[in-house]
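# Understanding the architecture of this molecule
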Amino acid sequence: MEEKRFTLRMDGELFNEIAEIAKESRRSTAKEIELAVAMHVKAYRENELMKSIDRENLTDEQAREYLKRDITISDKYEKYK
């Protein structure tokens, strides 16, 4: 995975809270921010998947396919924990 570097501006109080959580979790502040962003993206992807499911007309085959996609999403972001 290629790392990207960039400058991020954020509210000072929010940064201090993230830094405190990072210290408690024994992570760097940058890694704690990366984790927060990854968990947000994961939740977004899972929500989009759930919205795309037609529960009224869902076949067993479609259910299996959605489950595979959900597992793929979870696996993709597991490395950030």
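The preceding data block contains the structure.
Residues numbered from 1 in each chain as written. Predicted model: local features only at pLDDT ≥ 70, side-chain atom pairs only at ≥ 80, totals over all residues. Heavy atoms only, no water.

With that settled, the discussion passes to the nonpolar core. The nonpolar side chains of a soluble globular protein tend to be buried with one another. Core analysis: the largest hydrophobic core is formed by eight residues, namely Leu35, Ala38, Leu49, Ile53, Tyr66, Ile73, Tyr77 and Tyr80. At the level of elements, helix 2 (29-52) and helix 3 (60-78) are the ones that each hand at least two residues to this core. Among all residues touching tyrosine 66, those that are not within four sequence positions of it are Leu49, Ser52, Ile53 and Leu58. (Core = buried A, V, L, I, M, F, W, Y, C linked by side-chain atoms within 4.5 Å. Buried < 20%, exposed > 50% of the residue type's maximum accessible area, 1.4 Å probe, protein only. Helix = DSSP H or I, 4+ residues; strand = E, 2+ residues; numbered from the N terminus. Contact = heavy atoms within 4.5 Å.)

Let's shift gears to helix 2. An ideal rise of 1.5 Å per residue puts 34 Å on 24 residues; helix 2 measures up with 35 Å between its terminal C-alpha atoms. Restricting attention to buried positions, one finds in helix 2 the residues Glu32, Ile33, Leu35, Ala38, Lys42 and Leu49. Looking at the packing, one finds that the buried side of helix 2 touches helix 1 (12-25) and helix 3. (Expected span 1.5 Å × (residues − 1).)

In this section: the packing of helix 1 against helix 2. Orientation of helix 1 relative to helix 2, taken along the N-to-C sense of each, is 100 degrees, at an axis distance of 8 Å. When the axes of helix 1 and helix 2 are compared, the pair comes out roughly perpendicular. Here Phe15, Ile18, Ala19, Ile21, Ala22 and Ser25 of helix 1 come into contact with helix 2, specifically with Thr29, Glu32 and Ile33. Here the residues of the contact of helix 1 with helix 2 are counted per class, giving six nonpolar, two polar and one charged. (Axes fitted to C-alpha atoms, helices over the stretch in contact; angles between N-to-C directions. Parallel < 35°, antiparallel > 145°, perpendicular 65-115°, else oblique. Nonpolar A, V, L, I, M, F, W, Y, C, P; charged D, E, K, R; others polar.)

Per the stated rule, a full pass over the model turns up five salt bridges. Here lysine 31 ties to glutamate 34 by a salt bridge, and the two come within 2.9 Å at their closest N and O atoms. On the criterion of helical spacing, the pair formed by lysine 31 and glutamate 34 is a turn pair, its members being three residues apart in helix 2. The exposure class of lysine 31 is partly exposed, given its relative accessible area of 41%. For lysine 51, the salt bridge is made with glutamate 48, and the minimal N-O distance between the two is 3.0 Å. With lysine 51 and glutamate 48 both in helix 2 and three residues apart, this pair spans about one turn of that helix. Accessibility expressed as a relative area gives 58% for lysine 51, which makes it exposed. We classify glutamate 48 as partly exposed; its relative accessible area is 30%. (Salt bridge = Lys/Arg side-chain N within 4 Å of Asp/Glu carboxyl O.)

Let's shift gears to the environment of leucine 35. By the element assignment, leucine 35 lies in helix 2. In this structure leucine 35 comes out as buried when scored by relative accessible area, which is 12%. When the C-alpha atoms of leucine 35 and tyrosine 80 are compared, they prove to be 5.5 Å apart, with 45 residues separating the residues in sequence.

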